[in-house]
Number of protein chains: 2
Amino acid sequence: MSTTSPSTAKGRATRERIIRATAELVGERGVAAVSLDDVGRRAQASRSQLYHYFSDKDELVHAVVDATTEAVLAAQDGLLDHLDSWAGIDRWFDALVRLQRDRQARGGCPIGSLAGQLAERDPQARAAIADGLGRWEAHLREGLTRMQERGKLAPTADPAKLATVTMAALQGGLLLTQVRRDPEQLQIALDGCRTLLHAARAK
Amino acid sequence: MSTTSPSTAKGRATRERIIRATAELVGERGVAAVSLDDVGRRAQASRSQLYHYFSDKDELVHAVVDATTEAVLAAQDGLLDHLDSWAGIDRWFDALVRLQRDRQARGGCPIGSLAGQLAERDPQARAAIADGLGRWEAHLREGLTRMQERGKLAPTADPAKLATVTMAALQGGLLLTQVRRDPEQLQIALDGCRTLLHAARAK
DNA sequence: CCCAGTCTGGACTGTCAAGTCCATTAGATA
DNA sequence: TATCTAATGGACTTGACAGTCCAGACTGGG
């Protein structure tokens, strides 16, 4: 629970600034390595403001988890709603790989990173992350389902499982990309995945 | 560098105990949440012993990374050397899924977890983790290559890429398993991967 | 313009962790 | 047995961090 939800525009802006700054720092260094002083500095907010808007660090982290999942989904806006055609899926895959190249293979997946850091430490965060990944996966599952309905995907294919495999390849590919500092790793993973999806093409 | 490498059996035992205790704690709570006092308590060693054998926490963590990769590979001993047949690959996949069921989907992959925690924070650790994953992947790549030589895999297939996709599916499947607390996620990911591998079967 | 509620700055406290130091014990070797 | 070195215990220092507190500034509805 927030200690205070801001009722003025200024307050809301400050709260947003705090969350954004925290999310950035968490992305750069990981949750554990971010101190509230760091956050205050980057957000141009004093310590007391942090405690004015969040009851403690955990609550701030939860807000960051939510903001991060929203940001990841928003960043894919325009792509996730068109996963019901082979071209749409290709565009999505290409965009994901391009993003890793632009980022020089740093940081991995913001949600996946949070997962690794929080899953065993904070059950509430784990649930929120699972939810975020679920929403992400749902876009693909629903796209594949529509394709099946339109006869583009074999009737025997299982859209739910295909969506899960794809998420696994994506997350795993991002992990390999991050560890090896090589965006090609994601490319290879998604290429494999594409082959698998095409194998479920309606004949 | 170690401050001191133990020259007596007792010293070696202590050093081992420290590494093992740290690895356990890191697996349970994550790197950042483990203090040297915790380690001392679990390893039955005083603070000064930690500094006798390791120059600082980072060096201890590096030792843990090495020990963890060795442990993960050792745990798959008897499986990794037989990835040159469809049956061998099936046995491997099954064992991985069974392990997650036994562990109630907790902890994910020890190496993958370390990757998420250290990749952006400790370049040396990142390199060590990349090396460990590389050795892991090499077993599969070499197995697939042998299969190709024996005509079990299509000549057009690319063992290196197939091995990479498989590692991605494995790591991603483990991440989903961990976040969703559901071992079935790994099963689905590996089943998809199996389908992909079979698609590269020699006709 | 007033003032109640909102927002903000920064000093302060308690806790805990990393890393240092030194005195002591155990063990090997001659 | 004497002696040297490895190994150990634990107190101590230093610094950083989470969280508290309170006084002062701002703001918007009356």
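Relevant structure appears above.
What you see is a predicted model; the values in this text were computed from it and never measured.

(A) Expanded view of the overall build of chain A. Tallying secondary structure elements over chain A gives 9 helices and 0 strands in all. Ordered by position from the N terminus, the helices and strands of chain A form the series α-α-α-α-α-α-α-α-α. Considering chain A as a whole, with its 203 residues, one finds that 44% of them fall into the buried category. If you take every contact in chain A between residues at least 6 apart in sequence, the share linking residues at least 24 apart comes to 63%.

(B) Spatial organisation of the protein's contact with DNA strand C. Around DNA strand C lies a shell of 23 residues, among which Pro6(A), Gly11(A), Ser48(A), Ser35(B) and Leu36(B) are the nearest. Put simply, the parts of the chain that give the surface near DNA strand C at least two residues each are α1 (9-29) and α3 (47-53) of chain A together with α2 (36-43) and α3 (47-53) of chain B. Of the residues forming the surface near DNA strand C, the biggest block, 4 residues, is contributed by α3(A). Here the residues of the surface near DNA strand C sort into 4 nonpolar, 12 polar and 7 charged.

(C) Just the nonpolar core, in detail. The biggest cluster of nonpolar side chains holds 116 residues, and the ones touching the most others in it are Ile129(A), Ala169(A), Ile129(B) and Ala169(B). When neighbours within four sequence positions are excluded, Ile129(A) is seen to be in contact with Val65(A), Ile111(A), Leu114(A), Ala115(A), Leu118(A) and Val179(B).

(D) Local environment of the interface of chain A and chain B. Contacts between the two partners involve 41 residues from chain A and, on the opposite side, 41 residues from chain B. Secondary-structure elements contributing two or more residues to the side of chain A that touches chain B are α6 (110-118), α7 (123-149), α8 (159-180) and α9 (184-199) of chain A. Taken together, the residues of the side of chain A that touches chain B break down into 19 nonpolar, 15 polar and 7 charged.

(E) Highlighting helix α4 (residues 57-75) of chain B. End to end, α4(B) covers 26 Å across 19 residues, agreeing with the expected 27 Å (1.5 Å per residue, within 8%). Along its buried surface, α4(B) packs onto α1 (9-29), α3, α6 (110-118) and α7 (123-149) of chain B.

(F) Looking closely at the protein's contact with DNA strand D. Surveying the vicinity of DNA strand D reveals 23 residues, the closest of which are Ser35(A), Leu36(A), Ser48(A), Gly11(B) and Ser48(B). Contributions of two or more residues to the surface near DNA strand D are made by α2 (36-43) and α3 of chain A together with α1 and α3 of chain B. If one sorts the elements of the surface near DNA strand D by residue count, α3(B) sits on top with 4 residues. For the surface near DNA strand D, a count of residues per class yields 4 nonpolar, 12 polar and 7 charged.

(G) Structural context of the packing of α1(B) against α4(B). Residues and elements named next belong to chain B. α4 packs onto α1 with a crossing angle of 80° between their chain directions and a minimal axis gap of 9 Å. Our classification of the angle between α1 and α4 gives roughly perpendicular. Of the residues in α4, those touching α1 at Ile19, Thr22, Ala23 and Val26 are Leu60, Ala63, Val64, Ala67 and Thr68. In the contact of α1 with α4, the residues fall into 7 nonpolar, 2 polar and no charged.

(H) Just the relation of the copies chain A and chain B, in detail. Between chain A and chain B, the superposition needs a rotation of 180° and an axial shift of 0.0 Å, giving an RMSD of 0.1 Å. Such values leave the two copies arranged in the relation of a two-fold axis. By C-alpha distance to the rotation axis, the residue of chain A lying nearest is Gly172(A), at 1.9 Å.

(I) Focus on α1(B). Residue and element names in this part refer to chain B. Here α1 spans 30 Å end to end across 21 residues, near enough to the 30 Å set by a 1.5 Å rise per residue. By the burial criterion, the buried members of α1 are Arg15, Ile18, Ile19, Ala21, Thr22, Ala23, Leu25, Val26 and Gly27. Packing partners of the buried residues in α1 comprise α2, α3, α4 and α6. In the stretch just after α1, Gly30 is the one whose phi turns positive, near 95°.

(J) Representation of the environment of Thr177(A). Residue and element names in this part refer to chain A. For Thr177, the position within the fold is in helix α8. Thr177 gets classed as buried once you count the C-beta atoms within 10 Å, which come to 28. When the C-alpha atoms of Thr177 and Ile188 are compared, they prove to be 10 Å apart, with 11 residues separating the residues in sequence. Setting aside anything within four residues of it in sequence, one finds Thr177 in contact with Gln100, Ala105, Gly108, Asp182, Pro183, Gln185 and Leu186.

(K) Spotlight on unusual backbone geometry. Of note in this structure, Ala105(A) is not a glycine but carries a positive phi near 60°. Exposure remark for Ala105(A): the 21 C-beta atoms within 10 Å place this residue in the buried category.

(L) Inspection of the packing of α1(A) against α2(A) at higher detail. Residue and element names in this part refer to chain A. As a packed pair, α1 and α2 sit with axes 9 Å apart at the nearest point and diverge in direction by 120°. When the axis of α1 is compared with that of α2, the two are oblique. As for how α1 packs across α2, the hand of that crossing is right-handed. Taken together, the residues of α2 that come into contact with α1 (itself represented by Arg17, Ile18, Ala21, Thr22, Glu24 and Leu25) are Asp38, Val39, Arg42 and Ala43.

Cut-offs and rules
Residues numbered from 1 in each chain as written. Chains lettered and ligands numbered in written order. Predicted model: local features only at pLDDT ≥ 70, side-chain atom pairs only at ≥ 80, totals over all residues. Helix = DSSP H or I, 4+ residues; strand = E, 2+ residues; numbered from the N terminus. Buried ≥ 20, exposed ≤ 12 C-beta atoms within 10 Å, placed from the backbone. Contact = placed C-beta atoms within 7 Å. Near = placed C-beta within 6 Å. Nonpolar A, V, L, I, M, F, W, Y, C, P; charged D, E, K, R; others polar. Core = buried A, V, L, I, M, F, W, Y, C linked by C-beta atoms within 7 Å. Expected span 1.5 Å × (residues − 1). Axes fitted to C-alpha atoms, helices over the stretch in contact; angles between N-to-C directions. Parallel < 35°, antiparallel > 145°, perpendicular 65-115°, else oblique. Least-squares fit on C-alpha atoms with pLDDT ≥ 70 in both. Left-handed = near helix turned anticlockwise from the far one by under 90°.

In short, shape yes, function no, at least from these values alone.
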